[in-house]
Amino acid sequence: MYHETTTAPPPPPPPTTTTTTRKRDGCCCCFPLQAGVITICGISLAAGVISLIYLAVEYYEYLYYRGIVYTALCFAWLALIILFSVLGIFGAAQRKAGLVLAFFISNVLFTAISVAWLLYNVIVIGVNQDVLPEDYWITNIVVYSISIAVIIILWGYWLSVVFRFYKQLRAAEKMGGGGELQQVQVHTDASADANASN
């Protein structure tokens, strides 16, 4: 008479995130997501400050050729870009989802308005090409078209990075302020392994 013995199944391997997940959660394939968002906000801040300085230097020329309303709108536009960029940097550094979302929404609007303005200029030049020098309207249409493509591609990707970081922060908040998306993923993988072993 012999007894049948059974062995317990081996414990599940420790949960890990995949390489694909880590790459998807980075910026430009090398920056951590948080550092990438801070860099994007910093670029936006630098562009706003440089443009504001240029506008201040060329203030009288803008006032003469464009009028006071257009000049005032330019100052307001740049002031908002600087404000939301500072909020974005602080929000990303302190992991404040609301501030990161504010930067994202504001820059979606800024990007849409910029593209619409460039398209408007292309249409105006195209309509008036008969009364404009040929080299002028061709050069400007090419410059505006390249600007539109760069804005859509570059800022489209950067804004997707900002939104992914916002979702990461929201996921962490739902788990009680846990932190990185990797921690959320690890928790999910661990739960799935535990259910499978049961």
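J.: For the side chain of Ser 106, give the residues involved together with the corresponding values.
T.: With respect to the secondary-structure elements, Ser 106 resides in helix α5 (residues 97-127). In this structure the side chain of Ser 106 is engaged in a polar contact, spanning 3.4 Å, whose partner is the side chain of Asn 107.

J.: Please provide a residue-by-residue account of the layout of surface pockets, values included.
T.: Estimated volume of the largest pocket: approximately 1,300 Å³. Ser 51, Trp 77, Leu 78, Ser 114 and Trp 117 are, among the 36 residues lining the largest pocket, the residues nearest its centre. For the lining of the largest pocket, the secondary-structure elements that each account for two or more residues are α2 (33-57), α3 (59-66), α4 (68-94), α5 and α6 (134-174). Split by residue class, the lining of the largest pocket holds 24 nonpolar, nine polar and three charged.

J.: Account for the packing of aromatic side chains, with residues named and values stated.
T.: Evaluation of the coordinates by the stated rule reveals six aromatic pairs. Taking 5.1 Å as the distance between ring centres and 35° as the angle between the ring planes, the aromatic pair formed by Phe 104 and Phe 163 counts as tilted. Here the residue Phe 104 occupies a position in helix α5, and Phe 163 occupies one in helix α6, the gap between them amounting to 59 residues. An aromatic cluster of three or more residues is present, and its members are Trp 77, Phe 84 and Phe 110.

J.: Describe unusual backbone geometry, and please don't skip the residues or the numbers.
T.: The phi dihedral of Arg 95 is positive, around 60°, even though this residue is not glycine. Here Arg 95 falls in the partly exposed class, since its relative accessible area comes to 24%.

J.: Give me the lowdown on the environment of Gly 88, citing residues and values where you can.
T.: As for its position among the elements, Gly 88 is in helix α4. The exposure class of Gly 88 is buried, given its relative accessible area of 1%. Between the alpha carbons of Gly 88 and Phe 104 there is a distance of 8.2 Å; along the sequence they are 16 residues apart.

J.: Would you mind going over the nonpolar core in detail, with residue names and values included?
T.: General note: in soluble globular proteins, nonpolar side chains tend to be found buried as a group. Counting residues in each nonpolar core, the largest one holds 17 residues, and the members touching the most others are Val 37, Ile 40, Val 100, Val 162 and Phe 165. If you list the elements that add at least two residues to this core, you get α2, α5 and α6. Residue contributions to this core peak at eight residues, all from α6. Those residues within four positions of Val 100 in sequence are excluded, and the remaining contacts are Gly 91, Ala 92, Val 162, Phe 165, Tyr 166 and Leu 169.

J.: For the environment of Leu 87, give the residues involved together with the corresponding values.
T.: For Leu 87, the position within the fold is in helix α4. In this structure, the C-alpha to C-alpha distance between Leu 87 and Val 100, residues 13 residues apart in sequence, is 7.5 Å.

So, how was this worked out
- Residues numbered from 1 in each chain as written.
- Predicted model: local features only at pLDDT ≥ 70, side-chain atom pairs only at ≥ 80, totals over all residues.
- Heavy atoms only, no water.
- Helix = DSSP H or I, 4+ residues; strand = E, 2+ residues; numbered from the N terminus.
- Polar contact = N/O pair within 3.5 Å; in protein donor to acceptor, adjacent residues only side chain to side chain.
- 1 Å grid on protein atoms, 1.4 Å probe; cavity = no way out; pocket = protein on both sides within 12 Å on 5 of 7 lines; lining within 4 Å.
- Points joined across faces, edges and corners; volume = space filled by probe spheres on them.
- Nonpolar A, V, L, I, M, F, W, Y, C, P; charged D, E, K, R; others polar.
- Phe/Tyr/Trp six-rings, centres within 6.5 Å; stacked < 30°, edge-to-face > 60°.
- Buried < 20%, exposed > 50% of the residue type's maximum accessible area, 1.4 Å probe, protein only.
- Core = buried A, V, L, I, M, F, W, Y, C linked by side-chain atoms within 4.5 Å.
- Contact = heavy atoms within 4.5 Å.

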